[in-house]
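Residue-level structure breakdown
The residues making up each chain are set out below.
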Amino acid sequence: MHRIIVKSILNKTKRRDPWFLDDYTLNPYSGCSFNCLYCYIRGSKYGINMAEKLSMKSNAVELLEKQLALRARKKQYGIIVLSSVTDPYLQMEQTELLTRQLLEVILHYRFPVHIITKSNLVARDFDVLKRIDAEAILPEDLQSRLGHKAFVTFSFSTIDDRVARVFEPGAPLPSLRLEALRQAREHGLHSGVSLMPLLPYISDTGASLELLFQTFQTIGASYIFPATLALYGNDPADNRALIMRAIEKHYPHLIQKYQRLFGADGQLPSYYRQAFADKAKSLCSQYGLRDSLFCSRNLEE
């Protein structure tokens, strides 16, 4: 693991993502040790063994203090998303405590926050997140549309630990994330699921989707963001090559289907994506799960 010095840590986005509502993004680390085969970062400078490029931004706390102090003086409040490029709760966070220190700075300056993670380690910081939820200041245009100021979104492509070991070999198992989601809801945090990317014929079948939505409803997820898989490039480091090799090795009966499904642009056919969107919308309605962080205040806990 490397320690690096960076010039800036808080990034202002050009426009909010409709699901994640990111006004700012914050990445304590670069590179990743979870090594998910489908990651869109694949093929970038991090290469195949992303863990080998793992770096911690050692001056992140000092920089964030300066940047948020300036933003707060100008009342430029907005939702900070951790993280947009790599997970804020990589294994090293357990000892480095960098993400926790950054959350304490965010709390001090009363900025709202949205955590997106594949790790159950976030449960360690529920105390800070609950204070952010109580004390942060939402941007004016969101004050009447959001009832919370801290959000914790757990990322899943499957809830089957055996499948996850193939496609997410370095990440905490889905069973651990499910337990952390349950704990987040018990703590009163607004917490839900980024159900992406789902794996064709593996985790996006009708039966699999029913099980996924039923499981998240039972746990009490506040919302769910479902999306399909996209594959890019032909380099050995790209997610297309890594996924195809994994399918050929572990699901050889699906390899021809995958080769037919993904065209030159890496996208699933429009009919497939539309059928998935219709099914996901139907399941959200059936199981009473929102597909947005937005909700009227009288629906909030």
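The following refers to the structure shown.

Cut-offs applied
Residues numbered from 1 in each chain as written. Predicted model: local features only at pLDDT ≥ 70, side-chain atom pairs only at ≥ 80, totals over all residues. Heavy atoms only, no water. Pairing = 2+ DSSP bridges. Helix = DSSP H or I, 4+ residues; strand = E, 2+ residues; numbered from the N terminus. Axes fitted to C-alpha atoms, helices over the stretch in contact; angles between N-to-C directions. Contact = heavy atoms within 4.5 Å. Salt bridge = Lys/Arg side-chain N within 4 Å of Asp/Glu carboxyl O. Buried < 20%, exposed > 50% of the residue type's maximum accessible area, 1.4 Å probe, protein only.

**Observations concerning the sheet that holds strand β9 (residues 190–198)**
Judged by pairing direction, the sheet is mixed, and its seven strands sit side by side in the order β2-β3-β6-β7-β8-β9-β10 without closing on themselves. Of all strands in the sheet, those bounded by a partner on one side alone are β2 (10–12) and β10 (224–228). Here the average twist between neighbouring strands, direction ignored, is 20 degrees. Bridging between strand β6 (residues 80–82) and strand β7 (residues 113–117) involves three bridges; their strand directions are parallel. When the sheet's bridge partners are listed, Val81 is paired in β7 with His114. Seen against the sheet, helix α4 (residues 126–135) touches β7 and β8 (150–156) and runs at an angle of roughly 130 degrees to β8. Lying over the sheet, helix α10 (residues 270–287) contacts β9 and β10, oriented at roughly 165 degrees with respect to β10.

**Things to note about the pattern of salt bridges**
Once the charged atoms of two side chains with opposite charge are near each other, the side chains can pair. Enumeration over the complete set of coordinates arrives at 15 salt bridges. Between Glu62 and Lys66 there is a salt bridge; the shortest N-O distance is 3.4 Å. Placement of both Glu62 and Lys66 in helix α1 (residues 60–73) is noted, with a separation of four residues, approximately one turn of the helix. For Lys66, a relative accessible area of 54% translates into the label exposed.

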